[in-house]
Amino acid sequence: MKVQVCIVGGGPSGLLLSQLLHLRGIDTIVLEKYSREHVLSRIRAGVLEHGFARLMREAQCGERMDREGEIHNGFHIAHDGVLDHVDLHKYSGGNSVIVYGQTELTRDLYEARDRLGGKVVHNAEDVTLHEVKSDAPFVTYRSGGERVRVLCDFVVGADGFHGVSRQSIPKDVLREYEKIYPFGWLGVLSRTRPVSPELIYVKHERGFALCSMRSQVLSRYYIQVPLTDKPKDWADDAFWAELRRRLPQEVAAKLITGPSIEKSIAPLRSFVAEPMQYGRLFLAGDAAHIVPPTGARGLNSAASDIYYLYHALIAHYQKGDDSGLEGYSKKALARIWKAQRFSWWMTMLLHRFPDRLPYDDELQQTEMNYLFSSETALRLLAENYVGLPF
Ligand code: RFL
Ligand code: PHB
C-alpha cells in the first residue's frame, strides 16, 4: 500500500491531522493499536482552548462541540477556606475555554473520518517504522495474522507517550527532559449534576482536588493521591468523603454524589523529547511531550503541533516549500515549553508535596496571595489558561 502520510496512533492528534490533510487532498492512513471502543473508553481531557476548537471547525468536526460544549468564561480556585474567582474573559482580553470531553471529540473525529472514507486501521499490531531517515520510509504492521507494508513520503508519530514512534529515534539523537511528581490524580466520573457551573481547583492541606464536568448531568472530580494508591483502594463513599473534606464548606454542602461510572489514577509527569523530527518522521502530541493535567494543556499542546505540521505538509505538497517541515521541531517546541512552564507552575501552586520544607509552604502561600492581589498575575494566568496563540 502507498500513501502520502502514514500516521501512527488514532488518538485525537492523529485523527485530527488525518482529517485536515484529507480535506486538502492529501492521502493518509491512520494505524491504531487498539479497537475504536477501547480508544473511546478512555476518559481524559475536558477543557479545550479556542485554538483547538478553531482547528476542529476547520476539520469540519466542530458542529457537535459547538452545540453541546459549554463555554466557560472563568473558573475558581479554592484555598484557605475561600473561593476566589479567575475571570478568564476579562483578564485574557475576551477569550474563554470550551468544556467538551476528549472522548466525545475523538468520537466526532472518527465519524468525520468515516464520512470521508478515511483509512483508519484498528488493532494494528506490532507497528514498526523503517528507513525514516531515507527518502523512502515505510511502516509495517500485522493485522489478522497478515503482515502489511505501507510505503509513504512521511511518517507522523502521534501514538502517545507509550508509542513506538519516539523510540524509533536513535538514543544519541534524542534528548529527553522529564520530571515525575510524587503523586497522582484519582479521577471519578459520575452521572450527577456538577457542584458548580464553573470548574473549581482546590488547594488544601490534605491535597489538591478538582471539580470538573462533561455536561450538566455528568461530573468529573479528581483528588490528589499517593502514587502507591490503586483505584480499588477507593470505594465510592471514601472518595466522596475525601473530596468533601477538601472543599470549602459552602461547596461541600452542595455536592451531589452518586455511583462512579469510571475511576482511574493518572500519575503526574512533565516530559519533553527533542527534536520532534528525525528524517521523515515527525512526532506530535503526547508522543513528544506530556504535562501534568493541572493546567489543562495536554491536548491543547497537541493542537499546536498538528497546526504547524498540517501547514508544513500543505506547503510541501502544494508549493514544494519545505521550510515549514524543516522548522517544525523548533517552532513546536517553543510553544510546548511555554505549556510546560504553565503546567508546572499550576501544579506547584496547588498540590501538597510530601517532602516540602516549611520554606516551600511559605512560598506557595505567598504565590497564592500574590495571584489574587495582582491583576497582572491574574492576566498571566488567564492568557496561559485560554491558550497562547499559535
Ligand atoms: P493519545 O490520546 O495518547 O493517543 C495516542 C494513540 O496512539 C495509540 N498507540 C498506538 N498506535 C499504534 N501503534 C502503537 N504502537 C501505539 N501505541 C499507542 C494509542 O492507543 C492512542 O489511541 O495521544 P494524543 O492523540 O497526542 O492526545 C493527547 C491527549 O490524549 C492528552 O494530551 C490529554 O488527554 C491530556 N489531558 C488534558 N489535556 C487538555 O488539553 N485538557 C485537559 O483538560 C486534560 N485533562 C488530560 C486531562 C489527561 C489525563 N490523563 C488521564 C493523562 C486529564 C487526565 C486525567
Ligand atoms: C477534566 O475535566 O478532566 C479536567 C479539567 C481541567 C483540568 C484537568 C482535567 O485541568
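No experiment lies behind these values; they were computed from the predicted model shown. (Residues numbered from 1 in each chain as written. Chains lettered and ligands numbered in written order. Predicted model: local features only at pLDDT ≥ 70, side-chain atom pairs only at ≥ 80, totals over all residues. Heavy atoms only, no water.)

Draft legend 1. Molecular detail of a nonpolar patch on the surface. On the surface, Leu357, Tyr359 and Leu363 cluster together into a nonpolar patch covering about 340 Å² of accessible area. Within the element layout of this structure, Leu363 appears in helix 11 (residues 358-371). The class of Leu363 is partly exposed, set by a relative accessible area of 46%. (Patch = residues over 30% accessible without salt bridge, like charges linked within 9 Å, V, L, I, M, F, W, Y side chains within 5 Å. Areas by Shrake-Rupley, 256 points an atom, 1.4 Å probe, with all protein chains shown as cover. Salt bridge = Lys/Arg side-chain N within 4 Å of Asp/Glu carboxyl O. Helix = DSSP H or I, 4+ residues; strand = E, 2+ residues; numbered from the N terminus. Buried < 20%, exposed > 50% of the residue type's maximum accessible area, 1.4 Å probe, protein only.)

Draft legend 2. The packing of aromatic side chains, seen in detail. Counted under the stated rule, the structure contains 18 aromatic pairs. Geometrically, the ring pair formed by Phe154 and Tyr317 is edge-to-face, given 6.1 Å between the ring centres and 85° between the ring planes. Of this pair, Phe154 sits in strand 12 (residues 154-157) while Tyr317 sits in helix 9 (residues 298-319), and the two are 163 residues apart along the sequence. What makes Phe154 buried here is its relative accessible area of 4%. Note on Tyr317: relative accessible area 23%, which makes it partly exposed. Taken together, a centroid distance of 4.8 Å and an interplanar angle of 50° make the contact between Trp185 and Tyr222 tilted. Of the two residues, Trp185 is situated in strand 13 (residues 175-190) and Tyr222 in strand 16 (residues 218-225); the sequence distance between them amounts to 37 residues. Among the aromatic side chains, those forming a connected cluster through ring pairs are Phe75, Trp185, Tyr201, Phe208, Tyr222 and Tyr385. Its guanidinium or amino end placed over the ring of Phe390, Arg54 lies 5.6 Å from that ring's centre, counting from NZ or CZ. It is Arg149 that lies over the ring of Phe138; its NZ or CZ is 4.2 Å from the centre. (Phe/Tyr/Trp six-rings, centres within 6.5 Å; stacked < 30°, edge-to-face > 60°. Lys NZ or Arg CZ within 6 Å of the ring centre and 35° of its normal.)

Draft legend 3. Fine view of the pattern of salt bridges. For the structure shown, the criterion picks out 25 salt bridges. The shortest N-O distance in the salt bridge between Arg67 and Glu63 comes to 3.5 Å. You can see Arg67 and its partner Glu63 sitting in helix 4 (residues 63-68), 4 residues apart, about one turn around the helix. Relative accessible area serves as the criterion here: at 64%, Glu63 is assigned to the exposed category. Across the pair Glu242 and Arg206 runs a salt bridge whose closest N-O atoms are separated by 2.9 Å. With Glu242 in helix 7 (residues 236-246) and Arg206 in the loop between strand 14 (200-203) and strand 15 (209-215), this residue pair connects regions lying 36 residues apart in the sequence. Here the salt bridges share partners, and the residues they tie into one network are Glu63, Arg64, Arg67, Glu68, Glu104, Arg107 and Asp108.

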